[in-house]
Amino acid sequence: MSIRQVVRTLLLAVLLVGVPASATTQLRVDLAGLAVGADTVVHGVVRRVESRWSGDKMRILTDVEIQVTESLKGQPGSTVLVTQPGGRMGDIGQVVHGLASFTAGEEVVVFLQKRGPRAFRVSDLAQGKFQVKREGREALAVPEPTESQLLDPATRKPAASALRSMTLAELKAAIREALGEQKP
């Protein structure tokens, strides 16, 4: 190998090391799109978050059990099990960028896709989760921050999230409106 080829190879290696890893890219979705596209929408409290090895021991999966306070779409039962790729088992961790994160005891509204008779995944990655934050009598529904680069569905150009914080009552009313339902 000539000196010129070695220098070119080293220069290419230095340039590639300096390039940041790309985040997950996905289409931006609005609240109506989330509601209509989901199989199930629930308001509830996260009861447990537990990581485990996949059956082939090649991947880590995290199970999130949510106690359902109210079903806004579908008939999920009293609890739902959300399974996501990634998690931590001992000293080994796997990260999947763009997914929603959950903490035991956290109050949430989640938009879910069926993955089996009683198993679900969050619709549209982190866009499908709102955290409910309570201050006194006020309950605020805050969209999950996303690490994903969002693209406008029409132009396919980078765009900001279409989701915004609102009261829990406003969120539920907007979901019902998107689904064409009357207030109970």
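Residues numbered from 1 in each chain as written. Predicted model: local features only at pLDDT ≥ 70, side-chain atom pairs only at ≥ 80, totals over all residues. Heavy atoms only, no water.

(A) Examining unusual backbone geometry more closely. You will see that K57, though not glycine, has its phi angle at about 60 degrees, which is positive. Mapped onto the secondary structure, K57 falls in the loop between β2 (40–53) and β3 (60–73). (Helix = DSSP H or I, 4+ residues; strand = E, 2+ residues; numbered from the N terminus.)

(B) Seen up close, the pattern of salt bridges. Counted by the stated rule, this structure contains nine salt bridges. R52 is the salt-bridge partner of D63, the closest N and O atoms lying 2.6 Å from each other. With D63 in strand β3 and R52 in strand β2, this residue pair connects regions lying eleven residues apart in the sequence. Under the relative-accessibility criterion, R52 is labelled partly exposed at 33%. Overlapping salt bridges, with partners in common, bring together R48, E50 and E65 in one network. (Salt bridge = Lys/Arg side-chain N within 4 Å of Asp/Glu carboxyl O. Buried < 20%, exposed > 50% of the residue type's maximum accessible area, 1.4 Å probe, protein only.)

(C) Structural detail: the pairing of β2. In this structure, β2 lies alongside strand β7 (residues 107–114), joined through six bridges in antiparallel fashion. Looking at β7, one finds that H43 is bridged to V109. Pairing analysis gives twelve bridges linking β2 to β3, with the strands arranged antiparallel. Counted as the bridge partner of V41 is K73 from β3. Hairpin connection, β2 to β3: the antiparallel pair is bridged by six residues, and K57 has positive phi, about 60 degrees. (Pairing = 2+ DSSP bridges.)

(D) View of the nonpolar core. L31, V41, V109, F111, F130, L171 and I175 are the most contacted members of the largest nonpolar core, which has 18 residues in total. Of all the secondary structure elements, the ones that give two or more residues to this core are α2 (31–37), β7, β9 (129–135), β10 (138–143) and α3 (168–178). Residues within four places of F111 in sequence aside, it is in contact with L31, L34, A35, A38, T40, V41, R121, V122, S123, G128, F130 and I175. Counting residues in each nonpolar core, the second largest holds 15 residues, with V42, V64, I66 and V110 among its members. (Core = buried A, V, L, I, M, F, W, Y, C linked by side-chain atoms within 4.5 Å. Contact = heavy atoms within 4.5 Å.)

Remember that the coordinates give geometry; whether it matters functionally is a separate question.
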